[in-house]
Amino acid sequence: MKIFSKEQIYQGDKITEERQELPASELMERAGLQIFNWMHMRMQGAQVPVHIFCGIGNNGGDGLVLARHLITHGYNVEVYVVNCGNSRSDDFLTAYDKVKEVTKKWPKLLKCENDFPTFHKDDIIVDAVFGIGLNRKIDDWIKALFKHFKASGAFTLSVDIPSGLYTDAPIEDREGVVRANYTLSFQAPKAIFFLPETAEYTAQWEVIDVGIDREFLMQTETEFELISKNEVIPIYKPRERFSHKGLFGHGLIIGGSYGKIGAVQLASRSVLSAGAGLVTAYVPKCGYLPIQTSLPEAMVITDEDEYSITSIKFDLEPTAIGIGIGMGKAAESFKVFKTLLTSTKVPMVIDADALNMISENKELLELVPENSILTPHPKELERLIGNWTDDFDKLKKTSEFSLKHKVIVIIKGANTITVLGEKKFINVTGNPGMSTGGSGDVLTGIITGLLCQSYSPVEASLFGVYLHGRAGDMALEEYGYQSLLASNIIDYMGDAYIDLFKQPEQPQVEEAE
Ligand SMILES: NC(=O)C1=CN([C@@H]2O[C@H](COP(=O)(O)OP(=O)(O)OC[C@H]3O[C@@H](n4cnc5c(N)ncnc54)[C@H](O)[C@@H]3O)[C@@H](O)[C@H]2O)[C@@H](O)CC1
Ligand SMILES: Nc1ncnc2c1ncn2[C@@H]1O[C@H](COP(=O)(O)OP(=O)(O)O)[C@@H](O)[C@H]1O
Ligand SMILES: [K+]
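Keep in mind the model is a prediction, meaning the values are calculated, not measured.

**Student:** Looking at this model, I keep getting lost on the pairing of strand β17 (residues 417–420). Mind explaining?
**Tutor:** The two faces of the sheet receive side chains in turn, since in a regular strand these alternate between them. In β17, alternate side chains face the same way, and those of I417 and V419 on one face and T418 and L420 on the other are all buried. Bridge count between strand β16 (residues 408–411) and β17: three bridges; the pairing is antiparallel. In the strand pairing of β17, V409 is matched with V419. The turn joining β16 and β17, which pair antiparallel and follow one another in sequence, is formed by five residues; a positive phi near 145° is taken by G413. Here β17 runs beside strand β18 (residues 423–427); their pairing, made up of four bridges, is antiparallel.

The structure is reproduced here in structure tokens:
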């Protein structure tokens, strides 16, 4: 799903109004009506007090349209206008007049803290104060209003975006943002719903379709894209009946050191569970027995050294290589990693200690083959690109890094983001049960396994991150957040694949007599 920028949303509104020949404020009418439908379906006429706080722009206008529908349907509604300036938008004014027609009184005007109403924790607050048009720091009394919302404990529904958040800039003041229980976002979610510093404000969200021009939505290229099942299904390569293992590639996992052989076992098993035909683990001698006994499907080549990687010599032709897991940073390992970078032409996933070696020896970046996939967690990313001031700065610097070195960077974490130049793909699967040792090794193996099967580096990254998270989500149902282990993610890879083509359960329809 595409995630549009603020400018693109305004452009989409304009184009829609022109192409659909809409009267002024029709989009606002659609937005308000859709939110009303959403609430009406859940509330079924319940007389819970609903307090609607409207700003003076179009977000406030949406709130006024919602208020009008709720009032005409007999709900218990109080409407407030948060009088934060003088520039009321035209559409706001139209909605303002219309709400007056049904209430026969003007909404309550709030200008300072003394005007704040009191509410009960079982009431509902609708936040239509600021939308995507927020363009400066909010006044102290409005910040106090948002704190007042939070202190009440009442369920808070934000219209389009929690007020106080910018769509394309970091938060200025954490207390000056509405903490929404639910956010109804128009046409598409916003990128900030998924970034570490802002995601907590939109605990739950849903998209409301206001009928923006389809052609505009299809043709507009966006910086951000959300990757869920719909986006990965077209990537999936079905198997032919007469296929054989030679078609699905041979993955080579290089890594491990004394005490860290398990990482290579996990990655190698993941290569196979992702579907590769063969896997070979390249480990120090001490890894031979553990891998041969715990993973009979794998082949093993050992280094000359007992404890760490000191020479990378193999006479097979791997289809893809995953390197770095559990490898350590011994001087010899660095030397052979450098040699491998200059000599290999096969697609590569670079993880863990291989990333750290690059961070400590930036000249290696010149040698990293084009389109290699780097999979840092935030700490490893910081070592690679330096520190950042906020999420937007981090993404900007990662894009610059990706463009400069022609690599794909996968920033791991909740909502893993795959960065390919300017483009950012946000993954939706995965859960905090996966914050456990070894789950990154599993990801490296899965992506290597997909590269083996002729998925392009971008496809392997997006599909691999999705499957890894989906398998983790399915494993969660059996193991729970605390007990989930990295190897359980591998156990559920099959279910994650099968789930791609499962139809959602249809609601039961009672047959008429
Ligand atoms: N396609 C869509 O997404 C649609 C969006 N609509 C709504 O339109 C909204 C955008 O409307 P607007 O552009 O009018 O913007 P907003 O309603 O977000 O607010 C802008 C107003 O607030 C003022 N303002 C900004 N920051 C302020 C601050 N810190 N303190 C005080 N005042 C401040 C601005 O000067 C302006 O008057 C969206 O968020 C959405 O709710 C709908 O009405 C129609 C369809
Ligand atoms: N809270 C979370 N939500 C979703 N995914 C997570 C979460 N925590 C961790 N993960 C995933 O688990 C993996 C952890 O990788 P990493 O930090 O390299 O672990 P390790 O080094 O132990 O293997 C990443 O793919 C990350 O996206
Ligand atoms: K809002």
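Additional details are given in the paragraphs that follow.
**Student:** Teacher, can you tell me more about the confidence of the model for the protein chain here?
**Tutor:** The predicted coordinates should not be examined in detail at positions where pLDDT is low. Of the residues in the protein chain, 99% reach a pLDDT of 70 or more, and the chain-wide mean stands at 94. Per the prediction output, this complex has pTM 0.94; the corresponding ipTM is 0.90.

**Student:** Is there a simple way to explain the environment of I325 in this structure?
**Tutor:** By the secondary structure assignment, I325 is in the loop between β13 (320–323) and α10 (331–343). Taking the C-alpha atoms as reference, I325 lies 14 Å from G251; in sequence the two are 74 residues apart.

**Student:** Hey, could you run me through the sheet that holds strand β8 (residues 205–208) in this one?
**Tutor:** Sheet strands pair by backbone hydrogen bonding; their relative direction is either parallel or antiparallel. A sheet is described by the order of its strands in space; here seven strands give the open sequence β4-β3-β2-β5-β6-β7-β8, paired in parallel fashion. Only two strands of the sheet have a single neighbouring strand rather than two, namely β4 (108–110) and β8. On average, each strand axis in the sheet is tilted by 20° relative to the strand beside it, whichever way the strands run. Across five bridges, the pairing between strand β2 (residues 50–54) and strand β5 (residues 124–128) is parallel.

**Student:** Explain unusual backbone geometry to me, please; I cannot follow it from the model alone.
**Tutor:** Negative phi is the rule for most residues except glycine; trans is the rule for most peptide bonds. Here the phi dihedral of A352 falls at roughly 45°; this positive angle occurs in a residue that is not glycine. Residue placement: A352 occurs in helix α11 (residues 352–360). On the neighbour-count criterion, A352 (26 C-beta atoms within 10 Å) is buried. A positive phi angle, close to 70°, is found at N371, a residue other than glycine. With respect to the helices and strands, the residue N371 is situated in the loop between α11 and β15 (373–374).

**Student:** Help me out: how do you make sense of the site of ligand 1 in this one?
**Tutor:** As a matter of local geometry, ligand 1 sits amid 33 residues, with G57, N58, N59, G131 and G133 nearest to it. No other element matches helix α3 (residues 58–72), which puts five residues into the shell around ligand 1. Taken together, the residues that form the shell around ligand 1 break down as 14 nonpolar, 14 polar and five charged.

**Student:** It is not clear to me how the domain arrangement of the protein chain should be interpreted in this structure. Could you clarify?
**Tutor:** One frequent convention defines the size of an interface as the accessible area lost when the parts assemble. Assigned domains of the protein chain: these are domain 1 (2–221) and domain 2 (242–499). Residue-level contacts link six residues of domain 1 with six residues of domain 2. Tallied by class, residues from the side of domain 1 that touches domain 2 come to five nonpolar, no polar and one charged.

**Student:** Mind showing me how you'd approach helix α2 (residues 26–43) here?
**Tutor:** With 18 residues, α2 ought to run about 26 Å at 1.5 Å a step, and its terminal C-alpha atoms sit 25 Å apart, in line with that. For α2, the set of buried residues is L27, M28, E29, R30, A31, G32, I35 and M39. Looking at the buried residues of α2, the elements they touch are α1 (6–19), α3, α4 (90–103), β6 (155–159), β7 (182–186) and β8. Two residues or fewer after α2 comes Q44, characterised by a positive phi angle close to 50°.

**Student:** What am I meant to see in the nonpolar core here?
**Tutor:** Membership of the largest hydrophobic core comes to 143 residues, with the highest contact counts inside it found for I52, C54 and V126. Ranked by residues supplied to this core, first place goes to helix α15 (residues 457–483) with 10 residues. Discounting residues that sit within four places of it in the chain, V126 has contacts with V50, H51, I52, F53, G63, L66, L157 and V159.

The rules we used
Residues numbered from 1 in each chain as written. Chains lettered and ligands numbered in written order. Predicted model: local features only at pLDDT ≥ 70, side-chain atom pairs only at ≥ 80, totals over all residues. Buried ≥ 20, exposed ≤ 12 C-beta atoms within 10 Å, placed from the backbone. Helix = DSSP H or I, 4+ residues; strand = E, 2+ residues; numbered from the N terminus. Pairing = 2+ DSSP bridges. pLDDT = per-residue confidence, 0-100. Axes fitted to C-alpha atoms, helices over the stretch in contact; angles between N-to-C directions. Near = placed C-beta within 6 Å. Nonpolar A, V, L, I, M, F, W, Y, C, P; charged D, E, K, R; others polar. Domains from an automatic or database assignment. Contact = placed C-beta atoms within 7 Å. Expected span 1.5 Å × (residues − 1). Core = buried A, V, L, I, M, F, W, Y, C linked by C-beta atoms within 7 Å.

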